[in-house]
Amino acid sequence: MGSLLSSSSSTPFFSSLSTFFSDQSVPNPRSIFPLLHRAKPRFEPLRCTMSQSFETETKSKEAKLWGGRFEESVTDIVEKFTESISFDKQLYKHDIMGSKAHASMLAEQGLISASDRDSILQGLDEIERRIAAGEFVWRTDREDVHMNIEAALTDMVGEPAKKLHTARSRNDQVLTDFRLWCRDAIDRIIASIRHLQVALVKLALNNEGLIIPGYTHLQRAQPVLLQHLLLAYVEQLDRDAGRLVDCKVRLNFCPLGACALAGTGLPIDRFMTSEALGFTAPMRNRSLSNLDLPLILMQFQTDFVLEFLSANSIIAVHLSRLGEEWVLWASEEFGFITPSDSVSTGSSIMPQKKNPDPMELVRGKSARVIRNLVTLLTLCKGLPLAYNRDLQEDKEPTFDSVETIVGMLDVSAEFADNITFNVERIQKALPAGYLDATTLADYLVKKASYFVALCVSKNCQLQDLNLDELRSLNPVFDKDVYEFLGVENAVKKFSSYGSTGSACVADQLDYWVTKLEINRSRPH
């Protein structure tokens, strides 16, 4: 006994099922429905040369799935302009996944025979294998991923394949594919976020006790532990992951069954396909008096994509800020970090240069991710309710946003693994800027007075003032004041929750080591 969506008892429902159903709360499709015995159909050979490249068609154009009422085929210019197969072929696994669920549901509901279902499932397995092996031709005259797969399936198994489109439109089909793809992409991004978090926490563990100047307005402000600063980025990334998790919860509803717009009169079971694909439930139309309707107009809104790209844009901004800081710190003016040669580039004309190019590109590519969000917002702002062909243009910005964000996260982690903090240079930078002034102000909460002006006039640090000089400003000063002066003492005096005090930062670090399951006993 195997999965309902499998073409045979030995063929799994989906070759990488665990990738798509990592959430333990989602039921395993294998356990949902019983499997009827099915014989393997005989295949007719595909009428195309199997190659991953596009094929130039010299024969007469193939009739379109939608071409019943048309007497002429579209011109070559229109066909080239409207095709989407050049980019939406990325959805092939999700398209096949949805088609398997749909075919199984049609058979369960008596809309197609068990034999037809078996032929469809077996054919889809073979098409997926050929695509993965690079043996499949993507034809532009078949417009998109759906029609390419469906036409190839018809070439392969014949008449049963034509029944697969029963109670389904490309409208609900593409939205189902896209939601499945985005769901998988979110898991991929979250994995890369965790990878960067681990790299930052390990970097913090390797630099225990290192104090650096903290900046506001790019002016030296207060001393902070480097660990404290690095954990601030870890916290940001955790919120980024949380936004993606929330987005996944909202997008994980199944549009399959809405057909072209408002559903179908055929006795389909949308709950069956939704469950088999790992969705929380079929989508419903909450816009109509809050009735729990099985057919929805709202399915064809793309707010889930807008939310997804918005979350990606926030991640990109956070990474850009990290990139900016590390680019500054790698400069001769700061000299706080030295990237290894393995994550640096040089100059073709200036041999002394060692550039932190990966983080400069992280900073630069953030604009690309933000651009993709703006593209989608502009695309959707004037669309009426339900599907419009404009929405074909939401795929490329989304695909690009995901690839760019994953690249930015992964290279940031790689950079973090290959930098060294220059302790001597940092310590030389600490005395300047009166970083302990705020701590001394804490001392003077009950003994307020002016002191920085005296240091400026004498060109010395606060801790260099002797007790008589301090008492000349205010007699309340006592010899215990020196416990508050100097960056090391200043850091020790921070005690509020979440501050840069040594004990506070140690607690924060312990939290992230535990949460990210980092082994302290192993060298970092």
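Residues numbered from 1 in each chain as written. Predicted model: local features only at pLDDT ≥ 70, side-chain atom pairs only at ≥ 80, totals over all residues. Heavy atoms only, no water.

A few words now on the pattern of salt bridges. Summed over the entire model, instances satisfying the criterion amount to 25 salt bridges. We note a salt bridge from Glu128 to Lys100, for which the minimum N-O separation is 3.9 Å. Highlighted residues: Glu128 in helix α5 (residues 114-132) and Lys100 in helix α4 (residues 92-108), separated in sequence by 28 residues. Overall, Glu128 belongs to the buried group, its relative accessible area being 9%. For Lys354, the salt bridge is made with Asp341, and the minimal N-O distance between the two is 2.9 Å. With Lys354 in the loop between β5 (337-339) and α12 (357-380) and Asp341 in the loop between β5 and α12, this pair connects stretches of sequence that are 13 residues apart. (Salt bridge = Lys/Arg side-chain N within 4 Å of Asp/Glu carboxyl O. Helix = DSSP H or I, 4+ residues; strand = E, 2+ residues; numbered from the N terminus. Buried < 20%, exposed > 50% of the residue type's maximum accessible area, 1.4 Å probe, protein only.)

Between two packed helices, the angle of one axis relative to the other and the distance separating the axes together describe the packing. In contact at an axis separation of 10 Å, helix α9 (residues 226-251) and helix α19 (residues 502-515) are set at 45° when each is read in the N-to-C sense. With respect to each other, α9 and α19 are oriented oblique. Handedness of the α9/α19 crossing: left-handed. Counted together, Gln227, His228, Leu231, Val234, Glu235 and Asp238 of α9 and Val505, Gln508, Leu509, Trp512 and Lys515 of α19 form the full contact between these two elements. (Axes fitted to C-alpha atoms, helices over the stretch in contact; angles between N-to-C directions. Parallel < 35°, antiparallel > 145°, perpendicular 65-115°, else oblique. Left-handed = near helix turned anticlockwise from the far one by under 90°. Contact = heavy atoms within 4.5 Å.)

All right, on to the packing of aromatic side chains then. Scanning the entire structure with this criterion turns up 11 aromatic pairs. An angle of 70° between the planes, with centres 4.9 Å apart, marks the rings of Phe136 and Trp138 as edge-to-face. Comparing Phe136 with Trp138 shows no difference in burial state: the two are buried. A ring pair is formed by Tyr511 and Trp512, whose centres lie 5.1 Å apart and whose planes are at 85°; its orientation type is edge-to-face. For Tyr511, a relative accessible area of 46% puts it in the partly exposed group. For Trp512, a relative accessible area of 1% corresponds to the buried category. Pairwise contacts between aromatic rings join Tyr215, Trp329, Phe334, Phe336 and Phe421 into one cluster. Cation over ring: Arg183 sits above Phe279, and NZ or CZ is 5.1 Å from the ring centre. (Phe/Tyr/Trp six-rings, centres within 6.5 Å; stacked < 30°, edge-to-face > 60°. Lys NZ or Arg CZ within 6 Å of the ring centre and 35° of its normal.)

What follows deals with unusual backbone geometry. Of note in this structure, His217 is not a glycine but carries a positive phi near 55°. With respect to the secondary-structure elements, His217 resides in the loop between β1 (211-216) and β2 (219-225). Note on His217: relative accessible area 76%, which makes it exposed. Even without being glycine, Glu517 reaches a positive phi, approximately 55°. Mapped onto the fold, Glu517 is located in the segment after α19.

Glancing now at the confidence of the model for the protein chain. The predicted model of the protein chain averages 79 in pLDDT, with 77% of residues at 70 or higher. Confidence, expressed as mean pLDDT per element, reaches its minimum in the protein chain at helix α1 (residues 17-20) with 37 and its maximum at helix α13 (residues 395-416) with 96. Confidence over residues 1-59 falls short of pLDDT 50; this stretch has 131 contacts with residues more than four positions distant or in other chains. Below a pLDDT of 50 lies the segment residues 286-300, which in the model reaches 43 contacts outside its immediate sequence neighbourhood of four places, other chains included. (pLDDT = per-residue confidence, 0-100.)

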